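# Coordinate inspection notes
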Amino acid sequence: MKHLWTPWRSKYMTEKKDASRCIFCDAAAGSEDSESLVVYRGEFTFVILNRYPYTSGHLMIAPYAHVCRLTQASEAATGELMRLVRRAETVLQRVYNPHGLNLGMNLGEAAGAGIEQHIHMHVLPRWNGDANFMTSIGHTRVIPETLEQTYAKLHGAF
Ligand SMILES: [Zn+2]
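These remarks concern the structure in this document.

About the thresholds
Residues numbered from 1 in each chain as written. Predicted model: local features only at pLDDT ≥ 70, side-chain atom pairs only at ≥ 80, totals over all residues. Heavy atoms only, no water. Axes fitted to C-alpha atoms, helices over the stretch in contact; angles between N-to-C directions. Helix = DSSP H or I, 4+ residues; strand = E, 2+ residues; numbered from the N terminus. Parallel < 35°, antiparallel > 145°, perpendicular 65-115°, else oblique. Left-handed = near helix turned anticlockwise from the far one by under 90°. Contact = heavy atoms within 4.5 Å. Nonpolar A, V, L, I, M, F, W, Y, C, P; charged D, E, K, R; others polar. Pairing = 2+ DSSP bridges. Donors = N, O, S within 2.8 Å, 3.2 Å for Na, K, Ca; no water. Tetrahedral: all angles 85-135°; square planar, octahedral: opposite > 155°, others 65-115°. Buried < 20%, exposed > 50% of the residue type's maximum accessible area, 1.4 Å probe, protein only. Phe/Tyr/Trp six-rings, centres within 6.5 Å; stacked < 30°, edge-to-face > 60°. Lys NZ or Arg CZ within 6 Å of the ring centre and 35° of its normal.

### Re the packing of helix H4 (residues 75–96) against helix H6 (residues 147–157)
Taken N-terminus to C-terminus, the directions of H4 and H6 make an angle of 125 degrees; their axes are 10 Å apart at the nearest point. The pairing of H4 with H6 is recorded here as oblique in orientation. In this structure, H4 meets H6 at a crossing whose hand is right-handed. In this structure, H4 uses Val 91, Leu 92, Arg 94, Val 95 and Tyr 96 to contact H6, whose residues at the interface are Thr 150, Lys 153, Leu 154 and Ala 157. Considered class by class, the residues forming the contact of H4 with H6 number 6 nonpolar, 1 polar and 2 charged.

### Digging into the sheet that holds strand E4 (residues 100–104)
Strands sit in the order E1-E2-E3-E5-E4 across an open sheet of 5 strands; the sheet is antiparallel. Looking at the sheet topology across the chains shown, the edges are occupied by strand E1 (38–41) and E4. Between one strand axis and the next, the sheet turns through 20 degrees on average, direction left out of account. Where E4 meets strand E5 (residues 121–126), 5 bridges bridge the pair, whose relative direction is antiparallel. Within E5, the position partnered with Gly 104 by the bridge is His 122.

### Details of the coordination of the zinc ion
The reference angle at a metal is 109.5 degrees if four donors form a tetrahedron and 90 or 180 degrees if six donors form an octahedron. In this structure, Cys 22 (SG), Cys 25 (SG), His 66 (ND1) and His 118 (ND1) serve as the protein donors to the zinc ion, at separations of 2.0 to 2.3 Å. Around the zinc ion, the 4 donor atoms sit at angles spanning 102 to 116 degrees, and that spread fits a shape best called tetrahedral. Each donor residue of the zinc ion lies on one chain, and together they are spaced C-x2-C-x40-H-x51-H. Judged by its relative accessible area of 7%, Cys 22 is buried. What makes Cys 25 partly exposed here is its relative accessible area of 25%.

### Notes on the packing of aromatic side chains
Under the defined criterion, the tally for this structure stands at 2 aromatic pairs. On the numbers, 5.3 Å between centres and 15 degrees between planes, the contact of Phe 46 with Tyr 64 is stacked. Residue Phe 46 is found in strand E2 (residues 45–49), and its partner Tyr 64 is found in the loop between strand E3 (59–63) and H4; the two are separated by 18 residues along the sequence. By relative accessible area, which is 0% here, Phe 46 ends up buried. What makes Tyr 64 partly exposed here is its relative accessible area of 26%. Seen from the ring of Tyr 40, Arg 87 lies directly overhead, with NZ or CZ sitting 4.4 Å from the centre.

Right under this line is the structure:
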């Protein structure tokens, strides 16, 4: 299980060559939420699909503010972030009916952050045996639906 948070990292590492760009800031500033995969916008934070999901329904919740540590985010933002984590739990439970959920935040590259400049909380549904299955087939991921399908379901549910 020690590799739980790493599957998406390699792709981010190869994609973040342009250090001046931040996918969270770009998505937050964009107007085409269905293209940038923003499923919900709060006052201080927003919910976005992971473009390289570990499993269907893999969400990330981030503040609009470009900060690299939780302590740099405002109280209002961290409060809303946790409220949206709760909402994500409810939504994912209703839409995907998983056996469990992973919630996690990696602060700094040493901690496994794919995009260390902008904090984000991962929320993803899990099923009994999915990790064992992952291990047996290496890095192959089983994604039973397209990102567009996931977006439609979760955008509607939020
Ligand atoms: Zn940013």
